[in-house]
Each structure stands twice: as C-alpha cells, then as structure tokens.
Amino acid sequence: MTAYLDVDLGAFTRNLDAVRERTSPAQLMLVVKDDAYGHGVERIVQCASAQGVTWFGAFDAATGVRVRASAGDKARIFVWMLSGDASIRAAIDSNLDLGIGDTGLFDEVVAMATTLRRRARVHLKVDTGLHRNGVRPEDWSSFVRAAASAHLAGSVEVVGVWSHIAEASDDEDDAARALFEDAVAALVAAGVPQPLRHLAASAASFARAEFRYDLVRVGAFCYGIRSAGGPHERDLGLDVVATLRADVTAVGPEVTIDIGSADGVASTLAGAISVHTPGGLRELIAVERTSARVESWDEARVGEQVTLYGAGASSATDLGEVLDTIGEEIAVRVAPTVERRYI
Ligand SMILES: *Cc1c(COP(=O)(O)O)cnc(C)c1O
C-alpha cells in the first residue's frame, strides 16, 4: 500500500508542443529545477530531448550536472544559482551556461575559467526590479565594460543577457522590460553583438509576445501547471501531467489512505478540499505524517485508490489556490520517496 505520482509523458509532450507553438520563434528553455517540479528530472529531460528540446534551465550546478548526463553533450544547460569554487568548477567542467548577476561572482568565474583553461559561457543578469539578484541598473555599464573586456581576453564568452520579472502586473513587467532593453543596448555598445536575450517565464511568454525575445524560460506550463489567479489550463491548451494517487489502507467510519511520506501533502488542506474517490468527491478530513483520512463512501474497500490531484481531479493549482499559494508548491512537495510511474 502506497502512494504514486503518475507522470503522463504524453501530456507533457503535448504541452511542450503547445508552448513551442505559442512562443515561437523564440526557443524554449525547459526549466527543470526542483526535480523538474517534482516530476523527476531524468525522465523529463530524456523525454524533452527526444522531442527536440535543446535548452534546459537547471537552477544550480548539481542539477545542471545531472541534466548534462541525461541530455547529452549537445544540450545547452543554464544554471543561475552558483556559489563557491566547487559549484563554479563543476559548472564549467560540465560545459554549462552560467547566469551571473553579481560582480564578485563574475570575477570568481573568470578566475576559475583561467585556472581550468576553459572558456566559460556566461549570461549577464540585470536586476529589473525583483531585487533577488542581478546587477543593479546603475552599476550595469561598468559591469558590462568589465565583462566585455574579459570576453575579448578570452576567459569567458558572454553569450546572453537576462532578467527575471514578477509577472504579477503588466505595468511592472513593462517597466522591467524597459530596463532590460537598456541593459541589452549597453552590452551591445560595450562590444558584445547579438547576445541571447531572455526575460519571460510561463505567464509572460504565453500572454505577451514582446517578452519572448530569443529564449523563453518555461517550467510550470510545460508541466500543465497554470498560474494562480491566471487563465485555466484548458484555456491555455495545456494538459495536467502529474496525478497523485493514494491507496486505501483501512476502512471504517472514515477511510484511511497512504500518502507515502511525511510532509508530502500539506496538512492545511485537511477540511479545505475534496478528493476523488471511487464513490465520488469526498472531503479530506485529516492529514497525518504518512496517511490521511477521507470521508467514507459506500462499499469502500482496502486497495482502492483516491486521487488527491491531477487528471480527472482538481489540479495542483486548484489546491494551491485553496492555500493561497501557487501550484508549483503543491507539485514540488511530493516527496522523492513517492514512486513516480511514467505512463
Ligand atoms: C522558476 C524560474 C522560471 C520558470 O518559471 P515558471 O513560471 O515555472 O515558468 C524561469 N526563470 C527563472 C529564473 C526561474 O527561477
């Protein structure tokens, strides 16, 4: 008795097609951070590679190295969370594309590339308002001058410029885009012609053509996870990929299900959602460490299955909205110990 995350690779493939059709001629960078949003990074990368995806967004060097093993030598793998010599060395060794939004980190990358006698590919990040990381606009022109001279000297190859936006309001995103355009122009003026430009994640890449540039970094929509408060999956032309199912382990006045692992399901969902059972929708009454209790149905039997979210049930974002959070948070929470079944 256990829980399963069924991952529908056919649905994932259809979503890849839908995203590419919508955002073309920009190229798709498939974001696979957090174990491909809980779907399992190896299988997702293999499937996407077979479908012709050549860019992956891996977050950190450790994930980037795993993606390299699954995607092969030709894939371009972007990482944007580097810190410390070990991660910089691993990233350069695995021929990753490095996103850099910090002048100190840039210097460390130049030093490491020089030591390794490898030319590191870098994408410079400008802070367009999120203040997470990124070089501030007032520091940008001196940064790109230094970067351009390192580029000419050969220790790094400056291949791109990028930023991350809130995708919460069009006005804020427009202001961010204006800063981004200035940053691109400054880099070109400093002597790096035609850098790859990337700004948008799922929501902006779908909704706003002018945000697509050369590459769109899309995670959520490829997994069929809509934005909280945004258009429905159906209206976006996206299919749900992951379905979380739990076996019935005991039947009484309430039905007990096995949720597979501690913390895999948010306890705050208890009393707040209904789940799909063989007897129809039933309230989720309580969530414990590795089990949960559901309102009973007629002739409930041990071994039957309950669907917590996914195909034919509520989506991850539906559950997220109940908790005032995003669907990704529901998806990435499913513990690695829950078996992924690829269908
Ligand atoms: C997570 C992330 C993305 C993808 O966002 P989605 O909304 O899931 O498409 C893109 N870029 C960066 C920098 C991210 O951290």
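For the structure itself, consult the block above.
The structure reproduced in this document is the subject of the present report.

Analysis parameters
- Think of each chain on its own: its residues are numbered from 1, step by step along the sequence as written.
- pLDDT decides what is reported in this predicted model: residues at 70 or higher carry local features, side-chain atom pairs at 80 or more are listed and counted, and totals for whole chains, interfaces and linings draw on all residues regardless.
- By convention in this description, side-chain values take in all heavy atoms of the structure and omit both hydrogens and water.
- Orientation is described by lines fitted to C-alpha atoms, with helices fitted over the stretch in contact, and by angles between N-to-C directions that extend from 0 to 180 degrees.
- Under the DSSP-based scheme used, a helix requires at least four consecutive residues in state H or I and a strand at least two consecutive residues in state E, with every element numbered from the N terminus.
- The scheme is simple: roughly parallel for angles under 35 degrees, roughly antiparallel for over 145, roughly perpendicular for 65 to 115, oblique for anything else.
- A clockwise turn of the near helix away from the far one marks a right-handed crossing, whereas an anticlockwise turn of less than a right angle marks a left-handed crossing.
- Residues count as neighbours in contact if any of their non-hydrogen atoms are within 4.5 Å of one another.
- The residues that make up patches have over 30% relative accessible area and no salt bridge, and they are joined within 9 Å when like-charged or within 5 Å when they are Val, Leu, Ile, Met, Phe, Trp or Tyr.
- With residues, only the protein chains shown are counted as cover, and all accessible areas are computed by Shrake-Rupley using a 1.4 Å probe.
- Salt bridge criterion: a side-chain nitrogen from Lys or Arg within 4 Å of a carboxyl oxygen from Asp or Glu.
- Proximity criterion: a residue is near a molecule or strand once any of its heavy atoms comes within 4 Å of it.
- Any pair of nitrogen or oxygen atoms within 3.5 Å is treated as a polar contact; in protein, a donor-acceptor pairing is required on top of that, and neighbouring residues in sequence qualify only through side-chain atoms on both sides.
- Using a 1 Å grid laid over the protein atoms alone, points where a 1.4 Å probe fits but cannot get out form a cavity; open sets with protein on both sides within 12 Å along at least 5 of 7 lines form a pocket; any residue with an atom within 4 Å of a point counts as lining.
- Think of it this way: if more than half of a molecule's atoms are within 2 Å of a pocket's grid points, that molecule is in the pocket or cavity.
- Three classes are used: nonpolar for Ala, Val, Leu, Ile, Met, Phe, Trp, Tyr, Cys and Pro, charged for Asp, Glu, Lys and Arg, and polar for all others, with Gly counted as polar.
- Whether two strands pair depends on DSSP finding at least two bridges between them.
- Orient the strands so they point away from the viewer, and a crossover whose first-strand-to-second-strand path over the helix runs clockwise is right-handed.
- Grid points are joined across faces, edges and corners, and a volume is the space filled by probe spheres set on the points.
- Working rule for helices: expected span equals 1.5 Å times residues minus one.
- Per-residue accessibility, obtained with a 1.4 Å probe over protein chains only, is compared with the maximum for each type, and a residue is labelled buried under 20%, exposed over 50%, and partly exposed between these values.
- The directions considered for the arc are those from the helix axis to the C-beta atoms.
- Definition of nonpolar core: a set of buried residues of the types Ala, Val, Leu, Ile, Met, Phe, Trp, Tyr and Cys, connected through side-chain atoms within 4.5 Å.

**Thoughts on the packing of helix α3 (residues 41–50) against helix α4 (residues 61–71)**
- Where α3 contacts α4, the axes come no closer than 9 Å and their chain directions differ by 45°. Between α3 and α4, the crossing angle belongs to the class labelled oblique. Regarding α3 and α4, the two cross each other, and that crossing is right-handed. Listed contacts from α4 to V41, E42, V45, Q46 and S49 of α3 are R66, V67, S70 and A71.

**Regarding a nonpolar patch on the surface**
- Residues M1, V251 and V302 make up a contiguous nonpolar surface patch of about 280 Å² in total accessible area.
- One can find M1 in the segment before β1 (3–7).

**Focus: the site of the ligand**
- As a structural note, the neighbourhood of the ligand is formed by 13 residues, with K33, Y37, S202, G219 and A220 the closest of them.
- At 2.8 Å from an oxygen atom of the ligand is found a main-chain nitrogen or oxygen belonging to A220.
- When the ligand sits alone it has 390 Å² of accessible area, and the protein chains cover 90% of it.
- More than half of the atoms of the ligand fall within 2 Å of the grid points belonging to the largest pocket.
- When contributions to the shell around the ligand are tallied by element, the ones reaching two or more residues are α2 (33–37) and β9 (215–218).
- Residues that form the shell around the ligand fall into these classes: seven nonpolar, three polar and three charged.

**Quick look at the pairing of strand β4 (residues 76–81)**
- Pairing analysis gives five bridges linking strand β3 (residues 55–60) to β4, with the strands arranged parallel. For D60, the partnering residue across the bridge sits in β4 and is M81.
- Running through α4, the crossover from β3 to the neighbouring parallel element β4 is right-handed.
- Summarising the sheet, β4 and strand β5 (residues 97–100) pair through two bridges and their orientation is parallel. Bridged to V79 within β5 is L98.
- The β-α-β motif built from β4, the intervening helix α5 (residues 85–93) and the parallel element β5 has right-handed crossover chirality.

**With respect to empty space enclosed by the protein**
- Taken as a whole and judged by the stated rule, the model has three cavities of 30 Å³ or more.
- Every residue lining the largest cavity is counted, 13 residues in all, and those nearest its centre are Y223, I225, A242, Y309 and A316.
- Taken together, L244, G264, V265, A266, L269, L308, Y309, L319, I330, R333 and V334 make up the lining of the second largest cavity.
- For the lining of the second largest cavity, the elements supplying multiple residues, two or more each, are β15 (305–309) and α12 (327–333).
- Residues of the lining of the second largest cavity, tallied by class, amount to nine nonpolar, one polar and one charged.

**Things to note about helix α8 (residues 170–189)**
- Look at α8: 28 Å from first C-alpha to last across 20 residues, which is about the 28 Å you get at 1.5 Å a residue.
- Among the residues of α8, those classed as buried are D173, A176, F180, A183, V184 and L187. Buried residues of α8 fall within an arc of 100° about the axis and therefore sit on the same side. Away from its buried face by more than 90 degrees, α8 exposes D171, D182 and A189.
- Among the structural elements, β6 (120–125), α7 (137–153), β7 (156–162) and β8 (196–198) are those in contact with the buried residues of α8.
- Residue G191 follows α8 closely and has a positive phi angle near 115°.

**Overview of unusual backbone geometry**
- That bond from S24 to P25 is cis: its omega, 10°, falls within 30 degrees of zero.
- By the element assignment, P25 lies in the loop between α1 (9–23) and β2 (27–31).
- We note that D34 has phi near 50°; this positive angle belongs to a residue other than glycine.
- Turning to its location among the elements, D34 is positioned in helix α2.
- A positive phi angle, close to 75°, is found at F59, a residue other than glycine.
- Here F59 shows up in strand β3.
- Residue F59 is classed as partly exposed on the basis of its relative accessible area, which comes to 29%.

**Considerations on the environment of A266**
- Within the secondary structure, A266 is located in the loop between β11 (254–258) and β12 (274–277).
- Along the sequence, A266 and I330 sit 64 residues apart, while their C-alpha atoms lie 7.8 Å from each other.

**Quick notes on the nonpolar core**
- Among the nonpolar cores identified, the biggest contains 114 residues, and F12, L30, V32 and L98 are the most heavily contacted of them.
- Per-element tally for this core: the top contributor is helix α6 (residues 103–116), with seven residues.
- In this view, F12 contacts L30, I44, C47, A48, C222, Y223 and V241; residues no more than four positions away in its chain are not counted.

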